[in-house]
Amino acid sequence: MIYPVHQRPDAAAHADAIAAEHGGAAVSGASRTLWGDAVNRLKKNKLAIIAVIWIVFIVLVALTADLWVPQVLGDPNATAANMAAESRLAPSLEHPFGTDSLGRDVLSRVIYGARISLTVGVVATGISTAIGLVMGALAAYYGGIWDTIIMRLADIFLAFPYTLFVVAMIAVIGNGIQNVFIAIGILGWPSIARVFRSAILSVKENDYVDAARSMGASDVRIIVRHIFPNSVASIVVYATMNIGGAILTESALSFLGMGVVPPDPSWGTLIQDGQKYLQTEPWLMILPGLAILSTVLAFTLLGDGLRDALDVKMKDA
């Protein structure tokens, strides 16, 4: 008869016997963790793996741009010396994405634009996640008046169209990459707070939380050491998908002229510049658009894969 591991004093010897019986393969069921199982399930999701590869590729290209882009493709902000001859050239080996109206290589501007978009996506999502975690924890753990105030405040934020709300905030605090971080980060917390609140409500009444409370653990310790680790899976998924949304919002702001200040390149600015030539030189708008599409899709697919991987009800195929 097989007993639970914690009831057998000879559990180690029994595990060794089973390992020997199976040709030396160690039985690691007792040491399996949520994150270990999640990684194994994520590896089986081909779309998620492709998304990870694409995101890593984009990040590496953006981080190493200074080492090779100016030498190979040219300065992304420098107007061509012979602008009349270099303006709006079609894609070629020398200029894979063509050149814009000032003779600048579009691919080099797309690569440097990736820096801005990824930075905005990660930083803005980090800000909104930090605020959302605090607000969601206060609302769920303490409940009562705290829950009412925070959730009604979240309802007020969510009642406004998100992009319009961001545009209005940028109009007040001014253009610039730092203000884009602030606007997207501050206005993105309500959704994170709702998700985290729901996750906490589902685990805060568990026995291990009651045990920690009965042993005199402080509220902060209970939230940080016991509730948060068991609620973080949903936040990881939502934050990953939120990065793609932040990239789209930054592109929209730059397209409207309220984001990154020229001549710094941004994917939204490149689309704005290229829309005037859509009928004659469509690559000026389509290729930066494909950069946005592929990157946002990659983060969405990764988030979708993480959701499936972190679902404890999923069974291995």
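Residues numbered from 1 in each chain as written. Predicted model: local features only at pLDDT ≥ 70, side-chain atom pairs only at ≥ 80, totals over all residues. Heavy atoms only, no water.

Enquirer: Can you explain the pattern of salt bridges? Please cite residues and give values.
Expert: Across all of its chains, the model carries 10 salt bridges by this definition. Linking Arg213 and Asp210 is a salt bridge whose minimum nitrogen-to-oxygen distance equals 3.0 Å. Of this pair, Arg213 and Asp210 both sit in helix H11 (residues 207-214), 3 residues apart, roughly one helical turn. Here Arg213 falls in the partly exposed class, since its relative accessible area comes to 38%. (Salt bridge = Lys/Arg side-chain N within 4 Å of Asp/Glu carboxyl O. Helix = DSSP H or I, 4+ residues; strand = E, 2+ residues; numbered from the N terminus. Buried < 20%, exposed > 50% of the residue type's maximum accessible area, 1.4 Å probe, protein only.)

Enquirer: Mind laying out unusual backbone geometry, listing which residues take part and the relevant values?
Expert: Where the residue is not glycine, phi is negative for most of them; where a peptide bond is considered, it is trans in most cases. Between Pro262 and the following residue, Pro263, the backbone shows a cis peptide bond with an omega angle of 10°. Along the polypeptide, Pro263 turns up in the loop between helix H12 (219-255) and helix H13 (267-274). Even without glycine at this site, Arg88 takes up a positive phi of about 50°. Along the polypeptide, Arg88 turns up in the loop between helix H5 (83-86) and helix H6 (106-142). A relative accessible area of 31% means that Arg88 is categorised as partly exposed.

Enquirer: Residues and numbers for the packing of helix H3 (residues 46-63) against helix H14 (residues 283-309), please.
Expert: Where H3 contacts H14, the axes come no closer than 8 Å and their chain directions differ by 135°. Relative to H14, the element H3 is oriented oblique. With respect to the hand of their crossing, H3 and H14 are arranged in left-handed fashion. In contact with Leu47, Ala48, Ala51, Val52, Trp54, Ile55 and Ile58 of H3, H14 contributes Ser294, Thr295, Ala298, Phe299, Leu301, Leu302 and Gly305. By residue class, the composition of the contact of H3 with H14 is 11 nonpolar, 3 polar and no charged. (Axes fitted to C-alpha atoms, helices over the stretch in contact; angles between N-to-C directions. Parallel < 35°, antiparallel > 145°, perpendicular 65-115°, else oblique. Left-handed = near helix turned anticlockwise from the far one by under 90°. Contact = heavy atoms within 4.5 Å. Nonpolar A, V, L, I, M, F, W, Y, C, P; charged D, E, K, R; others polar.)

Enquirer: Give a description of H12 that names residues and reports values.
Expert: For H12, spanning 37 residues, the distance from its first C-alpha to its last is only 45 Å, which falls clearly below the expected 54 Å at 1.5 Å a residue. Along its length, H12 reaches its greatest deviation from straightness, about 60°, at Phe228, and the proline Pro229 lies no more than four positions downstream. Positive phi shows up at Gly257, right after H12, with a value of about 80°. (Expected span 1.5 Å × (residues − 1). Bend = angle between axes of the 7 residues up to and from the residue.)

Enquirer: Describe the environment of Leu187, with residues and values.
Expert: Following the sequence through the fold, Leu187 ends up in helix H9 (residues 177-187). Leave out the neighbours within four places in its chain, and Leu187 touches Phe157, Tyr162, Phe165, Val166 and Met169.

Enquirer: Account for the side chain of Thr249, with residues named and values stated.
Expert: Of note, Thr249 is situated in helix H12. With relative accessibility at 6%, the residue Thr249 sits in the buried group. For Thr249, the contacting residues outside a window of four places in its chain are Tyr162, Val166 and Ile184.

Enquirer: Lay out the environment of Ser117 in plain terms, naming residues and giving numbers.
Expert: Tracing the chain through its elements places Ser117 in helix H6. By relative accessible area, which is 0% here, Ser117 ends up buried. Separated by 132 residues in sequence, Ser117 and Thr249 place their C-alpha atoms 9.5 Å apart. Those residues in contact with Ser117 that lie beyond four places of it in its chain are Ile247, Glu250 and Trp267.

Enquirer: Break down the side chain of Glu281 for me, with residues and values.
Expert: Topologically, Glu281 is positioned in the loop between H13 and H14. On the basis of relative accessibility, which here comes to 13%, the residue Glu281 falls in the buried class. A polar contact of 2.7 Å, which involves the side chain of Glu281, links it to the side chain of Thr280. (Polar contact = N/O pair within 3.5 Å; in protein donor to acceptor, adjacent residues only side chain to side chain.)

Enquirer: Tell me about the nonpolar core, and name the residues and values.
Expert: Grouped together as the largest cluster of nonpolar side chains are 31 residues, with contacts concentrated most on Val110, Leu118, Ile247, Trp267 and Phe299. Leaving out residues up to four positions away in the same chain, Leu118 has contacts with Ile58, Val59, Ala62, Ile247, Thr295 and Phe299. Core analysis: the second largest hydrophobic core is formed by 16 residues, Ala183, Leu187, Ala246 and Val260 among them. (Core = buried A, V, L, I, M, F, W, Y, C linked by side-chain atoms within 4.5 Å.)

Enquirer: An account of the confidence of the model for the chain is requested, with residue identities and associated values reported.
Expert: It should be kept in mind that the predicted coordinates are not to be read in detail where pLDDT is low. Of all residues in the chain, 87% attain a pLDDT of 70 or more, and the chain-wide mean is 83. For the chain, per-element mean pLDDT is lowest for helix H1 (residues 11-21), which scores 44, and highest for H3, which scores 95. (pLDDT = per-residue confidence, 0-100.)

Enquirer: Give a detailed account of the packing of aromatic side chains, specifying residues and quantitative values.
Expert: Evaluation of the coordinates by the stated rule reveals 6 aromatic pairs. Ring centres of Phe196 and Phe228 lie 5.8 Å apart, and the angle between their planes is 70°; this geometry places the pair in the edge-to-face category. Residue Phe196 is found in helix H10 (residues 189-203), and its partner Phe228 is found in helix H12; the two are separated by 32 residues along the sequence. With relative accessibility at 28%, the residue Phe228 sits in the partly exposed group. Aromatic ring contacts, followed pair by pair, group Phe157, Phe160, Phe165 and Trp189 into a single cluster. (Phe/Tyr/Trp six-rings, centres within 6.5 Å; stacked < 30°, edge-to-face > 60°.)

Enquirer: Give me helix H8 (residues 162-173): which residues, what numbers.
Expert: The terminal C-alpha atoms of H8 lie 17 Å apart, and with 12 residues this matches the ideal 16 Å at 1.5 Å per residue to within 8%. The set of residues buried in H8 consists of Val166, Val167, Met169 and Ile170. Across the axial projection of H8, the buried residues extend over an arc of 165°, all falling on one side. Turned more than 90 degrees away from the buried face of H8 sit Leu164, Ala171 and Val172, all of them exposed. Tucked inside the fold, the buried residues of H8 contact H9 and H12. At the C-terminal side of H8, Gly174 shows a positive phi close to 100°. (Arc of directions from axis to C-beta.)

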